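Each chain, written out:
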Amino acid sequence: MAAHSSIEAITARIVERSKPHREAYLDRVRRAASRGPHRSVLSCGNLAHGFAVCSPAEKAALAGDVVPNLGIITAYNDMLSAHQPYETFPPIIREAAREAGGIAQVAGGVPAMCDGVTQGQPGMELSLFSRDAIAMAAGIGLSHNMFDAAVFLGVCDKIVPGLVIAALSFGHLPSVFIPAGPMTSGLPNDEKSRIRQLYAEGKVGRAELLEAESKSYHGPGTCTFYGTANSNQMLMEIMGFHMPGASFVNPGTPLREALTREAAKRALAITALGNEFTPAGEMIDERSIVNGIVGLHATGGSTNHTLHLVAMARAAGIHLTWQDISDLSDIVPLLARVYPNGLADVNHFHAAGGMGFLIRQLLKQGLLHDDVRTVFGQGLEAYTVEAKLDAHGQVVREPAPDESGDKKVLAAIETPFQPTGGLKMLTGNLGKAVIKISAVKPERHVIEAPAIVFHDQQELQDAFKRGELNRDFIAVVRFQGPKANGMPELHRLTPPLGVLQDRGFKVALVTDGRMSGASGKVPAAIHITPEASDGGPIARIKNGDLIRLDAVAGTLEVLVSAAEFASRSPVVADLSDNEFGMGRELFAPFRRNVGQADQGASVFA
Ligand SMILES: O=C(O)[C@H](O)[C@@H](O)[C@H](O)[C@H](O)COP(=O)(O)O
Ligand code: SF4
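Reading guide: rules and limits
- The residue count restarts for each chain, going from 1 along the sequence in the order it is written.
- Going through the entries in the order they are written, you letter the chains from A and number the ligands from 1.
- Reporting in this predicted model follows two pLDDT cut-offs: at least 70 for local features of residues, and 80 or more for side-chain atom pairs to be given and counted; totals over whole chains, interfaces and linings ignore these cut-offs and use all residues.
- UniProt positions are given in the numbering used here, feature names are shortened, and annotations may be inferred rather than shown by experiment.
- One bridge is not enough; two strands pair if DSSP finds at least two bridges between them.
- The way it works is that DSSP assigns letters per residue, a run of H or I at least four long becomes a helix, a run of E at least two long becomes a strand, and they are numbered from the N terminus.
- Axes, fitted as lines to C-alpha atoms, cover a helix only where it is in contact. Angles between the N-to-C directions of the axes lie from 0 to 180 degrees.
- A pair of residues counts as a contact when their C-beta atoms, built from backbone coordinates, are separated by no more than 7 Å.
- Here, nearness is defined through the C-beta atom: a residue counts as near a molecule or strand if that backbone-placed atom lies within 6 Å of it.
- Following the grouping adopted for this structure description, the nonpolar residues are Ala, Val, Leu, Ile, Met, Phe, Trp, Tyr, Cys and Pro, the charged ones are Asp, Glu, Lys and Arg, and the polar ones are all others, Gly among them.

Per an unreviewed UniProt entry, the chain is named Phosphogluconate dehydratase, and its organism is Rhizobium puerariae. Regarding the chain, the relevant UniProt record gives this comment under Catalytic activity (unreviewed entry): "6-phospho-D-gluconate = 2-dehydro-3-deoxy-6-phospho-D-gluconate + H2O". According to UniProt, the comment filed for the chain under the heading Pathway (unreviewed entry) is "Carbohydrate metabolism; Entner-Doudoroff pathway."

Draft legend 1. Representation of the sheet that holds strand 2 (residues 103–109). Taken together, 4 strands build an open sheet; the order of strands is 2-1-3-4 and the sheet is parallel. The open sheet terminates on both sides in strands that have one partner only, identified here as strand 2 and strand 4 (175–177). The sheet shows a mean angle of 25 degrees between the axes of neighbouring strands, direction not considered. Most of the contacts of helix 11 (residues 254–269) go to strand 3 (residues 149–153), to which it runs at about 155 degrees, and overall it touches strand 1 (69–74), strand 2, strand 3 and strand 4.

Draft legend 2. Fine view of the site of ligand 1. Near ligand 1, the surroundings consist of 14 residues, among which Asp115, Gly116, Gly227, Thr228 and Gly517 are the closest. The set of elements that each furnish at least two residues to the shell around ligand 1 consists of helix 5 (115–118) and helix 10 (228–238). Tallied by class, residues from the shell around ligand 1 come to 2 nonpolar, 9 polar and 3 charged.

Draft legend 3. Geometry of the UniProt feature "binding site: [4Fe-4S] cluster" (unreviewed entry) in the chain. Taking the UniProt record as the reference, the feature "binding site: [4Fe-4S] cluster" (unreviewed entry) is found at Cys156 and Cys223. A maximum C-alpha distance of 9.4 Å places the annotated residues, which cover 68 residues in sequence, within one compact spot. By secondary structure assignment, the location of Cys156 is in the loop between strand 3 and helix 7 (159–169). Other than its neighbours up to four places away in sequence, Cys156 contacts Leu80, Ala82, His83, Ala112, Cys114 and Ala229. Position of Cys223 among the secondary structure elements: in the loop between helix 9 (206–216) and helix 10. Cys223 has contacts with Ser81, Gly116, Met183, Tyr217 and Ala229, leaving out every residue within four places of it along the chain.

Draft legend 4. View of the site of ligand 2. Residues in close proximity to ligand 2 include Leu80, Ser81, Ala82, Cys114, Asp115, Gly116, Cys156, Asp157, Thr222, Cys223, Gly227 and Ala229, which together make up its full environment. Looking at side-chain class alone, the shell around ligand 2 contains 6 nonpolar, 4 polar and 2 charged residues.

Right under this line is the structure:
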């Protein structure tokens with residue numbers, strides 16, 4: 001089925017805009033691939049180092065150019081619940097490779113930050129930069145040029161985007177992403193948030209808060225809210241980097257292990273040494289990127305992807321804009337209600353039909369490009385399935401159900417939860433911003449109130465605790481942009497702002513910083529570009545200025561006369577406290593060289 005005309009039109013304009021960069025990129029990818037099996041360009045010395053610890057049989061195989069070698073890039077660590085399961089994946093992948101007549105080596109590890117651990121802490125100022133550092137680290141592993149394909153073990157926020165940037169930078173290689181799967185369901189996310197708000201009001205103590213948090217985050221796997229990490233899993237499946245039905249199978253289950261084995265074998269089957277060569281740089285094109293954005297809107301995905309998708313697309317020579325993302329939001333309905341866009345978690349989403357049901361619903365109205373390449377083969381229709389185990393422990397796939405297993409969690413395309421997606425761009429005399437409205441009640445889509453200006457999220461927390469914020473206001477938290485302090489998530493502001501909103505005050509957040517993918521209920525215009533540290537208009541706002549955030553009209557305005565506003569000099573902040581401590585001194589080059597948020601806040605562009 002042809003894609004919806006608006007989908008085709010937006011895709012066509014991205015293709016047109018990208019043409020010079022995309023053609024140059026594809027030329028590089030094809031030249032790299034044309035050199036044939038990559039180990040053939042290595043010297044004997046290079047090779048000997050590359051397989052020094054391999055068995056004699058593996059050495060003999062790797063000395064030739066017939067047996068494919070799989071490079072594993074792993075983001076394993078014990079800190080992230082979502083990445084801890086990866087500890088056992090390499091031996092499983094090596095064994096599966098041997099069974100398939102290939103070889104697999106861990107090519108390298110990459111760092112992985114848990115935004116939950118660093119939320120509200122100085123370490124969060126390294127978080128966004130860690131995406132590009134992860135891409136660099138993965139590139140170091142693959143640069144040994146020993147590999148015919150790569151498999152990537154990563155799940156969380158900045159890790160998958162960084163790994164995709166690396167995979168596309170090595171676009172001559174096939175790449176398969178292997179997920180670890182979600183944590184089993186614990187304390188419901190809305191109950192966790194309720195306890196947080198009680199703690200913010202001083203109505204419960206740390207003991208009760210820690211008990212609630214620990215019941216919510218309680219074991220291996222990805223946290224179960226629909227934040228950036230689970231948005232990543234959705235993206236990897238709908239863009240064709242995952243095996244069909246792999247995204248939301250819990251870790252430590254037979255199906256999880258079978259899917260891991262299957263992915264390793266599939267990666268070996270799609271190298272240049274076989275008959276289904278699928279280099280990542282050719283597999284991922286403008287249609288794949290549009291499919292990812294459609295999935296993001298249909299599920300109420302993370303605002304962080306207005307940064308990461310732009311950066312990932314650029315790694316493949318594709319120039320994506322916030323206007324593209326915003327225009328797609330106008331035609332893609334919201335089909336999933338997963339916290340913070342509802343009460344369900346990703347396990348409920350998966351049980352209700354998950355990705356297979358979602359993709360089928362979107363294909364029914366041509367809202368996805370079906371004619372795309374994936375690691376599984378040609379066409380997205382192959383992903384309208386559920387993965388299961390047969391009696392022999394092998395992965396089999398059944399058509400996803402036509403009916404949603406829970407109409408409160410997954411809606412049919414004919415009866416969406418909202419007619420449009422969740423992510424809108426705002427423009428006006430403060431520059432450009434992004435807002436996620438899928439989790440904001442309609443009566444809060446337009447907020448007009450006086451500004452209260454903060455240069456640090458702790459200042460707002462302290463003002464709240466002093467009881468100074470019991471009124472209608474728009475919190476302007478500035479100098480939180482990429483150049484200022486690495487563009488941290490300000491998700492710790494959700495509980496106090498949520499308390500004030502629940503008390504009936506009209507509140508909103510306006511910032512050049514970020515929010516978490518799990519933020520939701522409070523209207524927030526984020527990623528403001530240009531940022532305050534670039535002298536952007538946000539640096540000219542004064543306490544008391546009336547600000548109007550209008551997510552319906554798509555505008556963000558300070559209601560001050562143009563002459564008055566232009567006559568103001570931008571405030572300059574003392575950011576010396578953000579230059580040292582917790583590794584921030586190591587990322588000074590990133591702060592100096594990072595690009596604007598609407599360009600992906602990348603050090604590469
Ligand atoms: O973008 C995201 O999804 C967030 O960065 C998420 O990964 C992080 O963990 C948040 O902090 C939410 O978790 P909490 O509400 O527990 O902080
Ligand atoms: S989802 Fe967020 S909080 Fe959970 S493990 Fe990943 S980064 Fe950490």
